[in-house]
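A closer look at the structure
The residues making up each chain are set out below.
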Amino acid sequence: MNYLEASIDDLEQIIEMRLEYIASDQGTIKTEDIKAMKEQLPAYFTENIGKSIFVFVAKDNEKIVSTAMLNIITKPSNPHFINGRVGEVLNVYTKEEYRKQGIASKLINMLLEFSKEKNLDYVELESTNEGYQLYKKIGFKDSKSNYTHMKYEL
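The text that follows walks through the structure, step by step, so that each part is easy to find.

Rules used in this analysis
- Throughout this description, residue numbers start from 1 for each chain and increase along the sequence as written.
- A pLDDT threshold of at least 70 governs which residues receive local features in this predicted model, and a stricter bar of 80 or more applies before side-chain atom pairs are shown or counted, although totals over entire chains, interfaces and linings include all residues.
- Side-chain figures throughout are based on the complete set of non-hydrogen atoms in the structure, without hydrogens or water.
- Labels follow the DSSP assignment, with helices taken as runs of H or I lasting at least four residues and strands as runs of E lasting at least two, numbered in each case from the N terminus.
- An expected span of 1.5 Å times one less than the residue number is assigned to each helix.
- Only protein chains enter the accessibility calculation, which uses a 1.4 Å probe; a residue whose area is less than 20% of its type maximum is buried, one above 50% is exposed, and one in between is partly exposed.
- Contact between two residues is taken to exist if any of their heavy atoms lie within 4.5 Å; hydrogens are not considered.
- Aromatic rings from Phe, Tyr and Trp, taking only the six-membered ring of Trp, are treated as a pair when their centres fall within 6.5 Å; an angle between ring planes under 30 degrees marks them as stacked, one over 60 as edge-to-face, and anything in between as tilted.
- In our convention, an over-ring charge means Lys NZ or Arg CZ found within 6 Å of a ring centre and within 35 degrees of that ring's normal.
- The salt bridge definition used is simple: a Lys or Arg side-chain nitrogen within 4 Å of an Asp or Glu carboxyl oxygen.

1. Quick word on unusual backbone geometry
Residues other than glycine seldom take positive phi values, yet Asn-61 does so here, at roughly 60°. Looking at the element boundaries, Asn-61 is found in the loop between β2 (53–60) and β3 (63–74). Even without a glycine there, the phi angle at Asn-119 is positive, about 60°. Within the secondary structure, Asn-119 is located in the loop between α3 (103–117) and β5 (123–124).

Rendered as structure tokens:
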């Protein structure tokens with residue numbers, strides 16, 4: 001198994017893994033949504049990979065079997081993020097036949113070391129029930145806030 005940071009040369013497989021992750025997380029996806037994502041994702045990754053999004057992968061031979069993405073977000077400094085740079089973990093996904101082998105743990109640890117090198121203030125994520133124990137074991141803590149997470153659909 002090879003563990004590395006992916007490049008734009010891995011674009012097709014990165015997109016395939018992103019779509020597999022979404023299907024696994026959300027269940028059935030409408031055909032028109034799949035089509036729209038397949039149209040949007042190549043431009044997104046081409047523009048952002050290696051700049052604001054970093055994709056860590058495990059490859060069995062040349063086939064990507066697991067991913068963990070780090071989205072670096074730049075914000076104006078405040079006492080909670082003095083450097084103004086934080087990380088958001090996305091798309092932690094391992095193909096079913098490769099699970100329970102420590103692959104995702106290795107990728108998350110690579111991602112965290114990279115985050116330290118990039119001098120991020122912190123790294124956060126939203127965990128599924130399935131991934132919760134993995135993240136706790138690595139050292140992530142439940143986040144409590146005086147704020148309520150909200151969004152406005154456009």
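2. Focus: helix α2 (residues 31–48)
An ideal rise of 1.5 Å per residue puts 26 Å on 18 residues; α2 measures up with 26 Å between its terminal C-alpha atoms. Those residues of α2 not exposed but buried are Met-37, Leu-41, Phe-45 and Asn-48. As for α2, its buried residues are in contact with α1 (11–26), β2 and β3. Immediately downstream of α2, the backbone of Gly-50 shows phi near 80°, a positive value.

3. Looking at the packing of aromatic side chains
Under the defined criterion, the tally for this structure stands at six aromatic pairs. Ring centres 5.3 Å apart and planes at 70° place the aromatic pair Phe-56 and Phe-114 in the edge-to-face group. With Phe-56 in strand β2 and Phe-114 in helix α3, the pair connects residues that are 58 residues apart, well separated along the chain. An identical accessibility class is assigned to Phe-56 and Phe-114; each is buried. Among the aromatic side chains, those forming a connected cluster through ring pairs are Phe-54, Phe-56 and Phe-114. For the cation-ring pair, Lys-106 lies above Tyr-3, with the distance from its terminal atom to the ring centre recorded as 5.3 Å.

4. Considering the pattern of salt bridges
Scanning all chains against the criterion turns up eight salt bridges. Notably, a salt bridge pairs Lys-35 with Glu-39, separated by 3.4 Å at the nearest N-O pair. In this pair, Lys-35 and Glu-39 both sit in helix α2, four residues apart, roughly one turn of the helix. On the accessibility criterion, Lys-35 (54% relative accessible area) is exposed. The closest approach of N and O atoms between Glu-130 and Arg-99, which form a salt bridge, is 3.8 Å. With a gap of 31 residues between them, Glu-130 in helix α4 (residues 129–138) and Arg-99 in the loop between β4 (85–94) and α3 connect regions that are remote in the sequence. Relative accessible area serves as the criterion here: at 63%, Glu-130 is assigned to the exposed category. In the salt-bridge network here, residues are joined through shared partners; they are Asp-10, Lys-59 and Glu-62.

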